[in-house]
Structure formats: structure tokens, C-alpha cells
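Structural overview
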Amino acid sequence: MSINAVKAVEFGDGVQVAYSRGSEAHDEIAFDAAKKKFHRLSNRAGGFEEDYQFRDVRVVGYLKPIPTLKKALRSVDMITKEPFLAQHERSDTCTVPAAGVIGESMVALVLARAFLEKFGGDSLEETTRTIPGIVNSFVPTRNLP
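Residues numbered from 1 in each chain as written. Predicted model: local features only at pLDDT ≥ 70, side-chain atom pairs only at ≥ 80, totals over all residues. Heavy atoms only, no water.

Looking only at helices and strands, the protein features four helices and six strands. If you list the helices and strands of the protein from N to C, you get β-α-α-β-β-β-β-β-α-α. Within the protein, the proportion of its 145 residues that are buried is 14%. Surface exposure of the protein reaches about 11600 Å², of which carbon and sulfur atoms provide 57%. (Helix = DSSP H or I, 4+ residues; strand = E, 2+ residues; numbered from the N terminus. Buried < 20%, exposed > 50% of the residue type's maximum accessible area, 1.4 Å probe, protein only. Areas by Shrake-Rupley, 256 points an atom, 1.4 Å probe, with all protein chains shown as cover.)

Turning to the side chain of Asp-13, a few remarks are in order. Structurally, Asp-13 is set in the loop between strand 1 (6-11) and helix 1 (15-18). Sequence-distant contacts of Asp-13, that is, excluding residues within four places in its chain, are made with Arg-44 and Arg-58. (Contact = heavy atoms within 4.5 Å.)

One side chain can pair with another of opposite charge once the charged atoms of both are near each other. What the rule picks out here adds up to one salt bridge. Note that Asp-13 is salt-bridged to Arg-58, the shortest N-O span being 3.4 Å. Of this pair, Asp-13 sits in the loop between strand 1 and helix 1 while Arg-58 sits in the loop between strand 3 (37-40) and strand 4 (59-63), placing them 45 residues apart in sequence. (Salt bridge = Lys/Arg side-chain N within 4 Å of Asp/Glu carboxyl O.)

What is shown is where atoms sit, not what they do.
Here you go:
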């Protein structure tokens, strides 16, 4: 929500879950005897209810429409307070490519901040000691035990 063009955010099935029955909205838990691990049978929560299995994080950001139009919109002169039609100055065609990169980056930063709040550490080495095996699975290491 810190991205200016984003007007709504949903995680997993998001708003759709609000219109579902409870039996359709939850991620049921099962036990895999072979792996000796609990797991969820679905990912309606968008990856935020999993343990250390790192399910796909599904976040949808809803963008406002492009603010520049070829049609002049009504406005008001700030000095005279008189109405006038705004001047067409530019024409953006699509914000999705840039917004996708910005959105992915922002989600990564927020998740990294939450990860460090949970597991702490002033350095990669300290964080790795806090949760052995987790950081090494997705962060490039250099001379770590």
C-alpha cells in the first residue's frame, strides 16, 4: 500500500474468501508420514500460513487507472477559483510493467523486514545461526559454517 498507484492489496484468495463458506476459505492441514511433516492442502492464504516450506507468496496489487487522458477533465484555477478544462500534457499507455517490478521489490522488502524482526540478527552469519538451514537454502553464502 506504500506504492502510490496501488489502491488495494489482497493476499492469497483475498476478497474472494470473504464471500466463501468457512469450509471453502481455510487451508486444511494434513500430515505427510513419509516426510514426517505437516502441510497445508491448499494455499488460499497466499503463503502466509505455511511453516518453513516456503509456499508461493501470492499478493495482488490493484492499480488505479492511468491518470493522464486525451480527454480534458474539469478543474479549477487555484488563483481565480474559476472552472476550466485541464490541458492534456502527456499520455502514459500502461503502468503494469513498471508497477510489477516495483510491487515485487516492495513485497520483498516487507518480507525481509518481517523475517529479520522474527529471527533477528545484525549480520547474515548471526541470522543463519538463529535458524540453521533456512537462510542457506535461498541466500548466497560466503564462508558460512
